[in-house]
Amino acid sequence: MAKKPTTTLPGTTDRRIDALLTLLAENTTIVISGAKIAKEIGVSRQVVWSWIQKLRELGVRVKGHPHSGYHIERTPDILLPQLLSHRLYGMPFARRIFHFFKTDSTNTVAMHLGEQGEPHGAIVIAEEQTAGRGRAGRSWIAEKSAGITCSILLRPQIPPAYAPLLTLVAGLAARDASAEELTAIPDIRWPNDLLVDGKKFCGILTEMHAEPDRIHYAVIGIGINVNQTKMPADLADIATSLRIETGKTHSRLELLIRLLRYLDRYYNQFLAEGAAPILRRFSEVSTYFEGKRVQITTSAETFTGTTAGLEPSGVLRVARDDGRGVEAVLSGDVGEIA
Ligand code: BTN
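Quick caveat, the model's predicted, so the values are computed rather than measured. (Residues numbered from 1 in each chain as written. Predicted model: local features only at pLDDT ≥ 70, side-chain atom pairs only at ≥ 80, totals over all residues. Heavy atoms only, no water.)

Moving on, we come to the environment of Gly11. Within the secondary structure layout, Gly11 lies in the segment before helix 1 (15-25). Between the C-alpha atoms of Gly11 and Thr103, which are 92 residues apart in sequence, the distance is 7.5 Å. (Helix = DSSP H or I, 4+ residues; strand = E, 2+ residues; numbered from the N terminus.)

Quick look at the structure:
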């Protein structure tokens, strides 16, 4: 029997704070009285005041006018559900949005939601993760509210063997969304690390719960370094952010909206037309598609070779240097070699 979707999730941002901020963000040119805000969101004026303090602590510049009320000068860059859903109206990815100021990992939350019967398209967003997870058991560390950390729950009706294509779909969406923020052209290192000038600014972790013949649910976790002004010393040579690359701040809200729109487009194209347009697009935008000298590290071995396109399932083909033919790499770390 199908499980009922979760109605509330502990730790998510109070819907009324979301409503308060949306009200202020959508009326940036006027001062709204505390009494009016209180009435609209259904709390006392005292509570409005205390939440305004909380928003200020989070860096939202709310101006208080002694006798008339509150106003903000510009839309804050917090990824709140109402701000997103107003802009993504009618899309499956806007129906259920779970926002956290802080959680362990959005992928962990989304996998839990999948288990609980949450419908296709739910999104989990965090301003801060305390145990962000990367591929191959690594961790994903991102400064609070500087990047995008989100996970999308999908219920694709495809055989698990085609799951690598979902990973490509997400990579293409993140690539196209980010390309509009950059002057340099971003690259995709198979399967879906996004690089600019050879440094990584976005990583994607796909996890799923499946049987041999069907996927129950898949979670696509996307981390994008957006407004970080510097990377931790041990990552500075290999990682970057959009801000470091362009020298300016970027709206996380606009980037996430664009990302979800591209994801919706690529995902539907994949369901309607199959793998071909996804593989073709990957070949156009990734220098790793063909002819790239690489070192591959899988759980079983490390070897070198030259990339030789993708299998119809999205798996990477690598012509091995050791003469053992072309290897189909299902998962592993890919590094460019000079
Ligand atoms: C990688 O390149 O190793 C993948 C990194 C994926 C990070 C994202 S951030 C949002 C989501 N939640 C997680 O815990 N991980 C993914």
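Among the eleven residues that make up strand 9 (residues 214-224), ten are buried, leaving the element largely enclosed by the rest of the structure. Sheet topology places strand 5 (residues 148-154) next to strand 9; seven bridges connect them, and they run antiparallel. Following the sheet pairing, Cys150 is matched in strand 9 by Ile222. Relative to strand 9, strand 8 (residues 199-211) is paired through ten bridges, and the arrangement is antiparallel. Following the sheet pairing, Ile204 is matched in strand 9 by Ile222. (Buried < 20%, exposed > 50% of the residue type's maximum accessible area, 1.4 Å probe, protein only. Pairing = 2+ DSSP bridges.)

For the ligand, the set of nearby residues contains 20 residues, the closest of which are Ser105, Gln129, Arg133, Arg135 and Lys200. Interatomic distance of 3.5 Å between a backbone N/O atom of Asn107 and a nitrogen atom of the ligand. Separating a nitrogen atom of the ligand from a backbone N or O atom of Arg133 is a distance of 2.6 Å. Taken by itself the ligand offers 420 Å² of open surface, and the protein chains cover 99% of this. Because more than half of its atoms lie within 2 Å of the grid, the ligand is assigned to the largest pocket. Contributions of two or more residues to the shell around the ligand are made by helix 5 (106-115), strand 5, strand 8 and strand 9. Here the shell around the ligand takes four residues from strand 8, the largest share from any one element. Looking at the shell around the ligand residue by residue, the class counts come to five nonpolar, eleven polar and four charged. (Near = heavy atom within 4 Å. Polar contact = N/O pair within 3.5 Å; in protein donor to acceptor, adjacent residues only side chain to side chain. Areas by Shrake-Rupley, 256 points an atom, 1.4 Å probe, with all protein chains shown as cover. 1 Å grid on protein atoms, 1.4 Å probe; cavity = no way out; pocket = protein on both sides within 12 Å on 5 of 7 lines; lining within 4 Å. Sits in = over half its atoms within 2 Å of the grid points. Nonpolar A, V, L, I, M, F, W, Y, C, P; charged D, E, K, R; others polar.)

Let us now look at the pattern of salt bridges. One pass over the structure, following the stated rule, counts 23 salt bridges. Ionic pairing is found between Arg138 and Asp333, a salt bridge with its closest N-O pair at 3.0 Å. Of the two residues, Arg138 sits in the loop between strand 4 (123-126) and strand 5 while Asp333 sits in strand 14 (residues 333-336), which places them 195 residues apart along the sequence. Among the residues examined, Arg138 registers a relative accessible area of 41% and is labelled partly exposed. (Salt bridge = Lys/Arg side-chain N within 4 Å of Asp/Glu carboxyl O.)

The next point concerns the packing of aromatic side chains. Under the counting rule described, the total for this entry stands at one aromatic pair. The cationic tip of Lys292 hangs over the ring face of Tyr288; the distance from NZ or CZ to the ring centre is 4.6 Å. Directly above the ring of Phe303 sits Arg320, whose terminal nitrogen or CZ lies 4.1 Å from the centroid. (Phe/Tyr/Trp six-rings, centres within 6.5 Å; stacked < 30°, edge-to-face > 60°. Lys NZ or Arg CZ within 6 Å of the ring centre and 35° of its normal.)

This next bit is on the layout of surface pockets. By volume, the largest pocket is sized at about 900 Å³. Surrounding the largest pocket, 40 residues form its lining, Arg138, Ser139, Trp140, Lys200 and Leu235 being those nearest its centre. Looking at the lining of the largest pocket, the elements that each hand over two or more residues are helix 5, strand 5, strand 8, strand 9 and strand 14. Here the lining of the largest pocket takes four residues from strand 8, the largest share from any one element. Tallied by class, residues from the lining of the largest pocket come to 14 nonpolar, 15 polar and eleven charged. Approximately 610 Å³ is the volume found for the second largest pocket. Along the wall of the second largest pocket there are 23 residues; nearest its centre are Gly59, Arg74, Pro76, Asp77 and Ile78. Across the lining of the second largest pocket, the residue classes break down as seven nonpolar, seven polar and nine charged. (Points joined across faces, edges and corners; volume = space filled by probe spheres on them.)

Turning to the sheet that holds strand 11 (residues 302-310), a few remarks are in order. Here five strands make up an open sheet; going across it, the order is 13-12-11-10-14 and the pairing antiparallel. Either end of the sheet is taken by a strand with one partner, and the two such strands are strand 13 (326-329) and strand 14. Sheet twist, expressed as the average angle between the axes of neighbouring strands with direction ignored, equals 45°. Strand direction decides the pairing type here: strand 12 (residues 316-320) and strand 13, joined by four bridges, are antiparallel. (Axes fitted to C-alpha atoms, helices over the stretch in contact; angles between N-to-C directions.)

To continue, consider unusual backbone geometry. Following Trp190, the chain continues to Pro191 via a peptide bond in cis, the omega torsion being 0°. In this fold, Pro191 is placed in the loop between strand 6 (187-189) and strand 7 (193-196). Unlike most non-glycine residues, Ala136 shows phi in positive territory, near 55°. Along the chain, Ala136 falls in the loop between strand 4 and strand 5.

With that settled, the discussion passes to the side chain of Arg189. Positionally, Arg189 belongs in strand 6. For Arg189, a relative accessible area of 18% corresponds to the buried category. Every residue in contact with Arg189, bar those within four places of it in the chain, is listed here: Leu195, Lys200, Tyr288 and Val334. (Contact = heavy atoms within 4.5 Å.)

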